[in-house]
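What the coordinates show
If you want the building blocks of each chain, they are given just below.
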Amino acid sequence: MLSQPEQAILNLEEARSLRASGRSYREVGRQLGLTSGQLGHIRRTLKREKAARTRLRSTMPHATDRDLPVRQSALPPGLRRRLASSGYATLGDLADRLADPDFPGLETIPGIGRHRAQLVKRLLDHFGLLPGPGNLQAAIERLFPEFRDAPPDEPRPGITKA
């Protein structure tokens, strides 16, 4: 059983994909079984997200989703303020910081716990900004830091050439 915030996030993600496939808000609400209040929240959130993209692309025609300001994202207002005050101006800044192997995680920022960090990661994943399984070297280096700085010609600890 999902908690209320988790269910709201799931509803938002499903509504985003249904709207992208051309469904009206009325159809989205019926399909997901949403109340009018829940649907209004989803509508405002998606409208804010779309307006931010439109403003960004009108001022910078070659802008990507990485350039989307954190303050105009679909994250909750308190989380947007906390991230912006911590120095993260765009989604690209957040993605770069999360990709840094030395970064301990968003949970270490005061006021951001596991749930809020998960919200950020889900949003970045939606925009394709999270480093995925394609970055195997970085994942291995995160688990085994001794492999991080070894040049390719030198033998690595624990690995012998046959």
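We now turn to the structure provided with this report. (Residues numbered from 1 in each chain as written. Predicted model: local features only at pLDDT ≥ 70, side-chain atom pairs only at ≥ 80, totals over all residues. Heavy atoms only, no water.)

1. Concerning the packing of helix 4 (residues 77-85) against helix 6 (residues 114-126)
Close contact between helix 4 and helix 6 brings their axes to 11 Å; oriented N to C, the two are set at 85°. Comparing the axis directions of helix 4 and helix 6 gives the class roughly perpendicular. Taking contact as the criterion, the partners of Gly78, Leu79, Arg82 and Leu83 in helix 4 are, on helix 6, Arg116, Leu119 and Val120. Classifying every residue of the contact of helix 4 with helix 6 gives four nonpolar, one polar and two charged. (Axes fitted to C-alpha atoms, helices over the stretch in contact; angles between N-to-C directions. Helix = DSSP H or I, 4+ residues; strand = E, 2+ residues; numbered from the N terminus. Parallel < 35°, antiparallel > 145°, perpendicular 65-115°, else oblique. Contact = heavy atoms within 4.5 Å. Nonpolar A, V, L, I, M, F, W, Y, C, P; charged D, E, K, R; others polar.)

2. Digging into the nonpolar core
Leu83, Leu91, Leu94, Leu106 and Val120 are the most contacted members of the largest nonpolar core, which totals 26 residues. Those elements that place two or more of their residues in this core are helix 3 (36-59), helix 4, helix 5 (91-99) and helix 6. Ranked by residues supplied to this core, first place goes to helix 6 with five residues. Leaving out residues up to four positions away in the same chain, Leu91 has contacts with Asp65, Arg66, Leu68, Val70, Ser73, Leu123, Leu124, Phe127 and Leu129. (Core = buried A, V, L, I, M, F, W, Y, C linked by side-chain atoms within 4.5 Å. Buried < 20%, exposed > 50% of the residue type's maximum accessible area, 1.4 Å probe, protein only.)

3. Focus on the pattern of salt bridges
On inspection of all chains with the given rule, the structure shows six salt bridges. A salt bridge links Arg122 to Glu13; its shortest N-O distance comes to 3.4 Å. Taken together, the positions of Arg122 in helix 6 and Glu13 in helix 1 (residues 4-20) put the pair 109 residues apart, joining distant regions of the chain. Residues Asp96 and Arg66 are paired through a salt bridge, measuring 2.7 Å at the closest nitrogen-oxygen approach. On the criterion of sequence distance, the pair formed by Asp96 in helix 5 and Arg66 in the loop between helix 3 and helix 4 is long-range, its members being 30 residues apart. For Asp96, a relative accessible area of 45% translates into the label partly exposed. Connected through shared salt-bridge partners, Arg53, Arg57 and Asp65 make up one network. (Salt bridge = Lys/Arg side-chain N within 4 Å of Asp/Glu carboxyl O.)

4. Details of the layout of surface pockets
By rolling a water-sized probe across the atoms, one finds the places where empty space is left. Reported here for the largest pocket is a volume of approximately 350 Å³. Along the walls of the largest pocket sit 17 residues, with Ile9, Leu12, Ala74, Pro76 and Leu119 positioned nearest its centre. Elements with a contribution of two residues or more to the lining of the largest pocket: helix 1, helix 3 and helix 6. When grouped by side-chain class, the residues that make up the lining of the largest pocket number ten nonpolar, three polar and four charged. (1 Å grid on protein atoms, 1.4 Å probe; cavity = no way out; pocket = protein on both sides within 12 Å on 5 of 7 lines; lining within 4 Å. Points joined across faces, edges and corners; volume = space filled by probe spheres on them.)

5. Quick look at the packing of aromatic side chains
Per the counting criterion, the structure on display carries zero aromatic pairs. A cation over a ring is seen here: Arg19 above Tyr25, with NZ or CZ 4.0 Å from the ring centre. (Phe/Tyr/Trp six-rings, centres within 6.5 Å; stacked < 30°, edge-to-face > 60°. Lys NZ or Arg CZ within 6 Å of the ring centre and 35° of its normal.)

6. Details of the side chain of Glu49
On the secondary structure map, Glu49 appears in helix 3. Judged by relative accessible area, which is 5%, Glu49 ranks as buried. Beyond its immediate stretch of four places on either side in the chain, Glu49 contacts Arg16, Gln72, Ala74, Leu123 and Phe127.

7. Regarding the packing of helix 5 against helix 6
Taken N-terminus to C-terminus, the directions of helix 5 and helix 6 make an angle of 110°; their axes are 11 Å apart at the nearest point. With respect to helix 6, the axis of helix 5 lies roughly perpendicular. Mapping the contact onto sequence places Leu91, Leu94, Ala95 and Leu98 in helix 5 and Val120, Lys121, Leu123 and Leu124 in helix 6. Considering only residue class, the contact of helix 5 with helix 6 consists of seven nonpolar, no polar and one charged.

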